[in-house]
Structure formats: C-alpha cells, structure tokens
Amino acid sequence: TIGSGVALTLALNKLGKNASLLLSDKFPRRFSYLWGKVKIYDKVPEGEYTVVAVDVPSPQQLSEETRGLDIHLVLDHHLQNTVECEYKYVDATRAAAGEIIFRVIKLLGVELDEDIASALYTAISSDSGGFVFSNNDGNTMRAAAELIDTGIDFADINRCIFDTVSEAQFELQKLAYSILERHLDGKAAILPFTNEVLEKAGIVQPEYGDVAQFPRRLEGVEVGMTIRPKDE
C-alpha cells in the first residue's frame, strides 16, 4: 500500500499536481529508501483535496479520521472492495495493486524514474509474496522486469521486504509461533491475536508486518487466517 501510494504521488507531482500521501500508520523503518520522496501527513491536513485510496479493500482498514473523508477514487485489486467512493476501479486479476498503479502511471505518460520504480517494485514484490502466489502471471513479471531495467537495487528492496524485521515485529513473530491454532485436520491455521494475548506477552504496539503469512507456511495448510484486535 505504501509503495503504491508513494509511486502515484510521485507521478502526480511530476505532472505538476500538488499531491501528498496520507498515512495513518507509522512509516516502517525498513522502507526508509522511500522516506522523504513525497510529503507525508499522518493526519488529514486542512483544505480541500481530491482523495484517492489505493490498495485498501475495506473501511475498517482506514483510520477513523480517514473514514470521514469523501473518497473520490479507489484503485484496488481486492475483489470484495467495500470502500465507499465516487469512482472505483478494481481489477481482481492483478496480483498486486502496484500493477494497477504501474498501468495508470504509464497511461498518464509519466516516465519511470528510479524513485517511482523503487516504489512500484516494493508494491508489486510485497503484494505478490515475492512472485510466489498463483495469481502472478506474465504481466506481473513483465512489469517487474521493466522496473528492474530502470536500474533500481531490486535485490536490496527484496531484502528489506522479506528478510528485515523490526524488534517489535520479531517479538510478535515469537508470539505467533506459540499461539498458532490448527483446525480441520490441519488444513486451516489461525493466529488469534487478542488484546489479552498481546498484553500477556508485553506487546503494547504490535507491528504485524507479514506475520499473516505464517499460517500458510505450515505444511498441509490450505487456508491461513490472522485475527487482529482493533481498539476495544
């Protein structure tokens, strides 16, 4: 989501638009190579804006403040997108929202530079699970190849996405291994993070990262589910 948002913001700025990124969550340190490329707000700034939501499938994944905004456009690849907006473009055949942003940027006639390419590659590589999910296809690979050809350090980006975790994420991963539940003869696995479980482990501000992928890594698991508490 961050990669998609940064890429679209950069492209709009190159077209002379006054675009910025609204991010209600903390900016992960492992994506520091994208930090400072665009203006980022953590609260809705004053003024009137055209609001675009990228890679956000449900209003529950927006902050309470953001949920009150009139969203003009939604760009997403999640089939069951329930975010209310004026215009919505959803292409569920795409493995990553970054692929949609990639096509939009090309249609806008914006030349790919290394900053935009780094953000787009981050979006596509992370959303596609490092190109391992079954919904990856030739278009996914061709988009990634074109981004790599701009000269980005894609190997380092992959390391930041898949091989780097913060201390908070490391603590959450340790907890995940201890609370994992298996059901339906091992075909389903659930990570039930509750406020009680988090408090008992001494985790105040959980950083979930890619912990949702843990259940599906177990042999025999066909469906993985992660339950996360929100507020009360």
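Up top is the structure.
Residues numbered from 1 in each chain as written. Predicted model: local features only at pLDDT ≥ 70, side-chain atom pairs only at ≥ 80, totals over all residues. Heavy atoms only, no water.

## Some words on the packing of aromatic side chains
Here comes step 1: A full pass over the atoms with the stated rule returns six aromatic pairs.
Here comes step 2: Between Tyr121 and Phe131 the ring centres are 6.1 Å apart and the planes differ by 50°, which places this aromatic pair in the tilted class. On the criterion of sequence distance, the pair formed by Tyr121 in helix α4 (residues 114–127) and Phe131 in the loop between α4 and α5 (138–148) is long-range, its members being 10 residues apart.
Here comes step 3: Overall, Tyr121 belongs to the buried group, its relative accessible area being 3%.
Here comes step 4: Ring plane angle 70° and centroid distance 5.6 Å describe the contact between Phe193 and Tyr208, whose orientation is recorded as edge-to-face. (Phe/Tyr/Trp six-rings, centres within 6.5 Å; stacked < 30°, edge-to-face > 60°. Helix = DSSP H or I, 4+ residues; strand = E, 2+ residues; numbered from the N terminus. Buried < 20%, exposed > 50% of the residue type's maximum accessible area, 1.4 Å probe, protein only.)

## As for the nonpolar core
Here comes step 1: Counting 32 residues, the largest nonpolar core has Ile101, Ile105, Ile116, Leu120 and Leu147 as its most contacted members.
Here comes step 2: Elements with a minimum of two residues in this core: α1 (2–14), α3 (97–107), α4, α5 and α6 (154–162).
Here comes step 3: Setting aside chain neighbours within four positions, we find Leu147 in contact with Phe102, Leu112, Ala117, Leu120, Tyr121, Ile124 and Ile152.
Here comes step 4: One finds Ala176, Ile179, Leu191 and Phe214 within the second-largest nonpolar core, a separate group that totals 11 residues. (Core = buried A, V, L, I, M, F, W, Y, C linked by side-chain atoms within 4.5 Å. Contact = heavy atoms within 4.5 Å.)

## A short note on unusual backbone geometry
Here comes step 1: For Leu184, which is not glycine, the phi dihedral falls at a positive 50°.
Here comes step 2: Checked against the element boundaries, Leu184 lands in the loop between β6 (181–183) and β7 (188–192).
Here comes step 3: Located in the positive-phi region is Asp185, a residue other than glycine, with phi close to 55°.
Here comes step 4: By the element assignment, Asp185 lies in the loop between β6 and β7.
Here comes step 5: Given the relative accessible area of 81%, Asp185 is considered exposed.

## Description of the side chain of Asn81
Here comes step 1: Tracing the sequence through the fold places Asn81 in the loop between β4 (71–76) and β5 (87–90).
Here comes step 2: Only 3.1 Å separates the side chain of Asn81 from the backbone oxygen of Val56, close enough to count as a polar contact.
Here comes step 3: For Asn81, the residues in contact, after removing those within four places along its chain, are Val56, Pro57, Val74, Asp76, Lys88 and Val90. (Polar contact = N/O pair within 3.5 Å; in protein donor to acceptor, adjacent residues only side chain to side chain.)

## Some words on α1
Here comes step 1: The end-to-end C-alpha separation of α1 is 18 Å, in line with the 18 Å expected for 13 residues at 1.5 Å each.
Here comes step 2: Among the 13 residues of α1, 10 are classified as buried, and the element is accordingly described as predominantly covered.
Here comes step 3: Turning to α1, its buried residues are Ile2, Gly3, Ser4, Gly5, Val6, Ala7, Leu8, Thr9, Leu10 and Ala11.
Here comes step 4: Lining the buried residues of α1 we find β1 (21–22), β3 (51–54), β4, α3 and α4. (Expected span 1.5 Å × (residues − 1).)

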